[in-house]
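Working through the structure, step by step
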Amino acid sequence: MFSLTINGIEVMAKEGMTVFEAAEKAGIYIPTLCHHEDLSTFGACRVCMVEADGSLVTACRAPVEEGMVVRTDSPEVRQVRLSNVELILANHNQDCQTCDKNNNCKLQEVSAFVGVTPERMQSMRRFVKDEPVDDSNPFFYRDQTKCIMCGICIRACEEINGVGAIDFAFRGYETSVSVLGNKPIYDSRCESCGECVERCPTGALAVKDQSIAEREVKSTCPYCGVGCGVTLGVRGEEVVSVRGTRDHPVNHGELCVKGRYGFEFINHPERLTSPLVKKNGAFEEVSWDEALDLVADKLSGYREQDGADSLAGISSARCTNEENYLFQKLFRMAGTNNVDHCARLCHAPTVAGLATAFGSGAMTNSIADIEEAAAFFIIGSNTTETHPVIGYRVRRARKKGAALIVADPRSIPLAEQADVHLQLLPGTNSALLLAMAKVIVQEKLYDDAFVADRCEEFDEYIEALESVCLDELADITAVPKEKIIQAARIYAENTPSTILYAMGITQHSHGTDNVLALANLAMLTGNMGKRGGGVNPLRGQNNVQGACDMGALPNVFPGYQSVISPENRRKFEEAYGVELSGEPGLTLTEMFKGAGTGDIKALYVMGENPAMSEADTGEVKEILEKTEFLVVQDLFLTETATYADVVLPAASFAEKDGTFVNTERRIQRVRGVINPPGEARSDLEILCDLAGRMGMSGFDFSGPEDVMEEIASLVPNWAGVSYQRLNGDGLCWPCTDEADPGTPILYTERFLREGGRAKFSPIVYGPPQETPDENYPLIFTTGRVLYHFHTGTMTRRSRGLNALHDRERILMNPVDAENLGLNAGDTARVISRRGEVTVEVKPAPQIKEGTVFMTFHFAEACANVLTNTELDPASKIPELKVCAVRVEPA
C-alpha cells in the first residue's frame, strides 16, 4: 500500500493503482470522457488532468507513488481541463434539448463541472461536419456530429464483446469512428449487443425512441441458459428499457442483442388476455371459472374413467422453478408420472451421461471461472450465437492467450479464432472423441495420479480403447488425423482445460454416448474439480436446468429423487398427503405416441411449443389435431395453441415473481414489474386454482416464496435456499443448509457417485440412424442464430430482431448450390423421408460440402418437419441434429 495526498487528504492506495482510481476510491471526483471502468485505459480526452508533484499528468494513466502529492483543482488544472473540453465542444453538434442522451450525457456533466459558458462557446464555434445520421440499425442510431473521439465504443466492441466491428478511420480532421469500408452499421459485423451504446458518453450512439423509465427493478433474463442479470426500466405498465445489472456475478452488466433489446414481446398486442375455449371449431373468450371448471372436469373425468396414466403434462423451461414444481406436483397427485419438458429435446443425454460418470447431470463449473481456462474444447456449441455472454468470455480468454479447439460441422465464428477447427461430419462426435482419447492414452498424456486417486473402471476403459483404430476413426469423421492429434495434445497438455458443449453433442441417437465420451476425456486429463476446467453443458433456455431440478421429468421427483425408490415415495407421500405412483411415466416423445394411439386422452402443455420444436412436426400436428382434450397455457396463440380445446393466458417473466436456475446451477430471483395484460394470470395462480377445483389440497400458497419453502424442505440440495438468501447474487446448488454458501464448482474433493469416485465408461461408435443415399444425398443439420430464440414465440415479435434476421434460409456450400443450379435468393424444396419445406437459398462457404443447415425459428419454413424421430435409447432424445435430405429448385 502507498500513502499519498490528494487535495490535502491522506489516501491509501494499492501498488499498481492509478491516481484516478485512488481518487475515486477516496470519493474525490475527477472528470473524464474517455475512461470507463470496464475498459482498458485510453487517455485520449485529456480531461482528467491533475497536478502530481508539480507536473500535469493524466490521472487515468499516472500510477500512484509513495508520498505523491496530487492536486485536482489547482488553477492550472482547471484551465487545462476547460480548454480541452472547449476544443471537444467546438466541433460538436450541440442539439442538447432534443438529443436522446439528454438524460445521462457525460459530456454535459463534464462541461458543467469545468465551467464551460455559452458565450465562450459561441465565440469558439467551428464548422460541424454535415454527416447524415446512420439509422440503419433497428435499435440505435449513430450520429458522427456528436462523436468526441473518446474511443469508448471501439474498446467496448473489442474488449467486452470481442467482435471489433468499429475502429478509428481516416486521418487528421477527417478522423472518425467507422466500420470496415465506412458502410452503414447494419452492413458491418456488428452484433447489435449495445455495449457501445450503453457506454457512449454523448449522443453519438443512442437507443431509438426510448422512453425514460420511471423506476428500475432487477430481474433475470428470460432467454438462454446463461442467466444474465437484467435491470428492467418501467414506465407505467410498460417495460421501456433493459440494461445489464452491473454487479451481477454472471454478466457484470454485459448483455447480448436479445437480452438488451428483445423485450417487445412483453407488451405486444398479440398477447393473450382472456381464456379461450374452442366451440364449434372456433375459439371464444370465456371466464376463468368456465375455462378452469372445464379443464378440471375433463382431467378428473379421464382419470376416473381411463386411469391416471391417460393424463400427460408438458412443463416448461420458460416458467419459474416454483411453477414447474407445482405442475409436477399436480400431475403426481393426480396419480401419474407422465410429466416431462423440453429438456427431453436438448440435455436429456447430459442428465443421463454426467450422472453416470460423476453422480450429477449438471454443469460442473461456474461461468465466472471460464476465463481462467488455459484451453477450451468447444464441441457442438455455436457459443457466440447461442450463449453470447459466455462467448464474450471465451473471446477474451483467447485474446489473453488461451488455446482454442472448435469441433463443429460448420465454420462457426469461433472457428475463425481457433488453433484447430475439427470440421467433422454431423453425427460423428463419438468417433472424434474416441480418437482424441486414443491419442491421449497412446502418448501417455493422461493424469495418472487423478485417475488412480479419483476414478474407477479405468482398466476396462483402456481395454476397450485398445480395439479402436485412429485412422478408421479419422476417416469416419472426415477430419484429418493430424488435426485430431493436434487437438488432443492441446487439450491434454494445457491445464486447466474446459469443455463447453451444447445440443450439437446431445441431439443424436447416440447422445448419451457422446456425453460419456466427453466425461472420459475430462477424467483422463484430470480436468475436474478445479477452476477453469470441468465438463460444462450450456443449457439452451432460461430455466431448463430448474425444470429438471424441480422434477418435471417422468422418472424422478424434485431433486432427482427416483420415483422407483419406496423411501423417496414415502417422503413425498407424507408431504403431499396422497399415494404416489412408483412407475416411471412417459417421456415427451412417448406422450405424443400415446396421444396418437389414444392411450393419452388429455394433454396439458404449459409454456412449450411442440408443434415446432418436436422432431417430425408434421406427424406431431396430426396427433395434436386428434388428441381428445388439449390444454395450452402460454403468452401467445402459438402454433401448438391453435390445436387446443382450451387456451389459458399466462404471465411473462416481467409480470410475476419467482426463480430461475441458470446453466451453472445458480438459483436467481425473477421479479414482476408490471401487471399481466387483461385477465392473464401467472402460471402459479392458474395451477393452484386448477388443483383446488380438482379437489386437491396443499396448493393454498400465498405466493412463490411459500412454494420455495416447500421445495427446500423436500430437496436436500436446495435445503439452504430461501428468498432472503437469493436477494443478492443467488446461490449455486448444492446448498444443503442455511450456512452453506453454495457450490460454484462441483467435485473439488469427491464425486457424487457412491464411493465418491468418477466412473469411466467404454463406448463404441455408432453412426447416425439416417445417412445420405441416392435419393437423399445431403446431410441436414439444424441450430440457432444470434437474433432469434427457440421457436420464435418471443423474438419474432420484436421488430428490431426481425429486421436483423427476417426469414429462414437454407445454408449450403457454394459447390453444392452450383451443382444443383441454385443461386443466392432462389427458392428451393428441401425434402426428407418425413416431409418437405420451401425455403430461400443462401450459399455459404462456412458449410461443409454435402451438408445443409437451417434453424428452427421460423414456422413458415419449419426445419423440424424434416427431422428424424429415432431415439437415443438411454435418454429418449430424438436425433434432431442429423437426417438425410435432397434439395431441388422449387
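Each chain has its residues counted from 1, following the order in which its sequence is written. Only residues with pLDDT of 70 or above have their local features reported here, since the model is predicted, and side-chain atom pairs are shown and tallied only from 80 upward, although totals for entire chains, interfaces and linings are computed over all residues. Computation of side-chain values covers all heavy atoms of the structure but excludes hydrogens and water.

Overview of the sheet that holds strand β32 (residues 778-783)
We treat two strands as partners when DSSP finds at least two bridges between them. The helix and strand labels rest on DSSP assignments: H or I over at least four residues marks a helix, E over at least two residues marks a strand, and numbering proceeds from the N terminus. Spatially, β32-β36-β33-β35-β34-β37 is the arrangement adopted by the 6 strands of the closed barrel, whose pairing is mixed. Ignoring strand direction, the axes of neighbouring strands in this sheet form an average angle of 45°. Direction of pairing for β32 relative to strand β37 (residues 883-889): antiparallel, over a ladder of 3 bridges. Along β37, the bridge assignment pairs L778 with V885. Lines fitted to C-alpha atoms define the axes, with helix axes restricted to the stretch in contact, and inter-axis angles between N-to-C directions lie between 0 and 180 degrees.

Regarding a negative patch on the surface
On the surface, a cluster of negative charge is contributed by E457, D459, E460, E463 and E466. Mapped onto the elements of the fold, E466 is located in the loop between α15 (458-465) and α16 (470-477). Accessible area is worked out with a 1.4 Å probe on protein chains only. A residue is then buried under 20% of its type maximum, exposed over 50%, and partly exposed in between. Using a relative accessible area of 59% as the deciding quantity, one classes E466 as exposed. A patch is a set of surface residues, each over 30% in relative accessible area and not in a salt bridge, joined within 9 Å for like charges and within 5 Å for the nonpolar side chains Val, Leu, Ile, Met, Phe, Trp and Tyr. Computed with a 1.4 Å probe, the accessible areas rest on the Shrake-Rupley method; for each residue, only the protein chains presented here act as cover. Every case where a carboxyl oxygen of Asp or Glu lies within 4 Å of a side-chain nitrogen of Lys or Arg is listed as a salt bridge. Positive charges come from Lys and Arg alone, negative charges from Asp and Glu alone, with His and the N- and C-terminal ends not counted. We put the charge of a Lys on NZ, of an Arg on CZ, of an Asp on CG and of a Glu on CD.

Overview of the state of the cysteines
What we call a disulfide is simply a covalent bond connecting the sulfur atoms of a pair of cysteines. Any two cysteine sulfur atoms lying within 2.5 Å of each other are counted as a disulfide. For the coordinates displayed, the defined rule picks out 0 disulfides. The closest cysteine sulfur to the non-disulfide-bonded C157 is located on C193, 6.5 Å from its own sulfur. Given the relative accessible area of 14%, C157 is considered buried. Cysteine C862 is unpaired, with the sulfur of C883 as its nearest cysteine sulfur at 12 Å.

Quick word on the sheet that holds strand β22 (residues 535-537)
Here we have 5 strands laid out as an open sheet, ordered β19-β18-β17-β21-β22, and parallel in their pairing. The sheet terminates laterally at β19 (420-422) and β22, the two strands that pair on one side only. Ignoring strand direction, the axes of neighbouring strands in this sheet form an average angle of 15°. Relative to β22, strand β21 (residues 497-501) runs parallel, the two being bridged by 3 bridges. Looking at the pairing, L500 lines up with N536 of β22. In what follows, a contact means two residues having at least one pair of non-hydrogen atoms within 4.5 Å. Packing of helix α10 (residues 348-358) onto the sheet brings it into contact with β21 and β22, and relative to β22 it is tilted by some 160°. Packed onto the sheet, helix α19 (residues 511-525) meets β17 (375-379), β21 and β22 and runs at close to 170° relative to β21.

Examining the packing of aromatic side chains
Here is the rule: rings of Phe, Tyr and Trp (six-membered ring for Trp) pair when centre to centre is within 6.5 Å. Planes less than 30 degrees apart are stacked, more than 60 are edge-to-face, and the remainder are tilted. Overall, the coordinates contain 21 aromatic pairs when judged by the stated rule. Between the aromatic rings of F139 and Y261, the centroid separation amounts to 4.5 Å while the plane-to-plane angle is 10°, which identifies the pairing as stacked. You can see F139 sitting in the loop between α4 (118-124) and β6 (140-142) and its partner Y261 sitting in helix α7 (residues 257-261), a full 122 residues away along the chain. Take F139: its relative accessible area is 9%, and that puts it in the buried class. Seen from their ring centres, Y560 and W733 are 6.4 Å apart, and the 40° between their planes marks the pair as tilted. With a gap of 173 residues between them, Y560 in the loop between β23 (556-557) and β24 (561-562) and W733 in the loop between β30 (731-732) and β31 (758-759) connect regions that are remote in the sequence. Given the relative accessible area of 2%, W733 is considered buried. Through a chain of ring-to-ring contacts, the aromatic side chains of Y223, F265, F653 and F789 assemble into a single cluster. Above the ring of F636, the side-chain terminus of R797 is found at 3.9 Å from the ring centroid. Only when the NZ of Lys or the CZ of Arg is both within 6 Å of the ring centre and within 35 degrees of the ring normal is a charge said to sit over the ring.

Some points on the pattern of salt bridges
Evaluated as defined, the whole model comprises 50 salt bridges. Across the salt bridge formed by R531 and E372, the nearest N and O atoms sit 2.6 Å from each other. Taken together, the residues R531 in the loop between α19 and β22 and E372 in the loop between α10 and β17 connect sequence positions 159 residues apart. The class for E372 is partly exposed, based on a relative accessible area of 39%. Of the charged contacts, one joins E456 and R753 as a salt bridge, the two residues approaching to 2.9 Å between their closest N and O atoms. With E456 in strand β20 (residues 455-456) and R753 in the loop between β30 and β31, this residue pair connects regions lying 297 residues apart in the sequence. Among the ionic contacts, a cluster of salt bridges with common partners joins E37, D38, E195, E198, R199, R246 and R260.

As for the environment of G598
Along the chain, G598 falls in the loop between α22 (588-597) and β25 (602-606). Each C-alpha atom of the pair G598 and K626 lies 8.8 Å from the other, and the pair is 28 residues apart in sequence.

Here we look at the side chain of Q144
Position of Q144 relative to the elements: it lies in the loop between β6 and α5 (152-161). Any N or O atom pair separated by 3.5 Å or less is treated as a polar contact, with the protein-specific requirement of one donor-capable and one acceptor-capable atom, and with residues adjacent in sequence counted only for side-chain atom pairs. Reaching out from Q144, the side chain makes a polar contact with the backbone oxygen of V177 at a distance of 2.6 Å. Residues contacting Q144, with those up to four places away along its chain left out, are E131, S176 and V177.

Observations regarding the pairing of strand β3 (residues 49-52)
Alternating positions in β3 separate into two faces, M49 and E51 on one and V50 and A52 on the other, with burial throughout. Inspection of the sheet shows β3 paired to strand β4 (residues 55-58) by 4 bridges, in the antiparallel sense. Among the inter-strand pairings, E51 is bridged to a residue of β4, identified as L56. Remark: 2 residues form the turn of the hairpin made by β3 and β4, two consecutive strands paired antiparallel; D53 in that turn has positive phi of roughly 50°.

Quick notes on the environment of N527
Looking at the secondary structure, you find N527 in the loop between α19 and β22. Considering only alpha carbons, one finds N527 and N494, 33 residues apart in sequence, at a separation of 9.8 Å. With near-sequence residues (within four places) excluded, N527 lies in contact with Y491, T495, P496, S497, A522, G533 and G534.

Here's the deal with unusual backbone geometry
If a residue is not glycine, its phi is most likely negative; likewise, a peptide bond is most likely trans. With an omega of 0°, the peptide bond running from T495 to P496 counts as cis. Residue position: P496 is located in the loop between α17 (481-493) and β21. Residue P734 is bonded to the preceding W733 through a cis peptide linkage, with omega at 5°. Within the element layout of this structure, P734 appears in the loop between β30 and β31.

Observations concerning helix α24 (residues 617-626)
Of all the residues in α24, the buried ones are T617, V620, I623 and L624. Down the axis of α24, the sector holding all buried residues measures 115°, keeping them to one side. Exposed side of α24, more than 90 degrees from the buried face: E622, E625 and K626 are the residues found there. Considering only its buried residues, α24 is in contact with α22, β25, α23 (610-613) and β26 (629-634). The directions from the helix axis to the C-beta atoms are what the arc is built from.

What to know about the packing of helix α13 (residues 429-442) against α16
Close contact between α13 and α16 brings their axes to 9 Å; oriented N to C, the two are set at 150°. When the axes of α13 and α16 are compared, the pair comes out roughly antiparallel. Note on packing geometry: the crossing formed by α13 with α16 is left-handed. From α13, A431, L432, L434, A435 and V439 reach across to α16, where they touch L470, L473, I476 and T477. The residue makeup of the contact of α13 with α16, split by class, is 8 nonpolar, 1 polar and no charged. Angle categories: roughly parallel below 35 degrees, roughly antiparallel above 145, roughly perpendicular from 65 to 115, and oblique for all the rest. With the far helix as reference, a near helix turned anticlockwise by less than a right angle produces a left-handed crossing, and one turned clockwise produces a right-handed crossing. In this classification, Asp, Glu, Lys and Arg are treated as charged, Ala, Val, Leu, Ile, Met, Phe, Trp, Tyr, Cys and Pro as nonpolar, and every other residue, Gly included, as polar.

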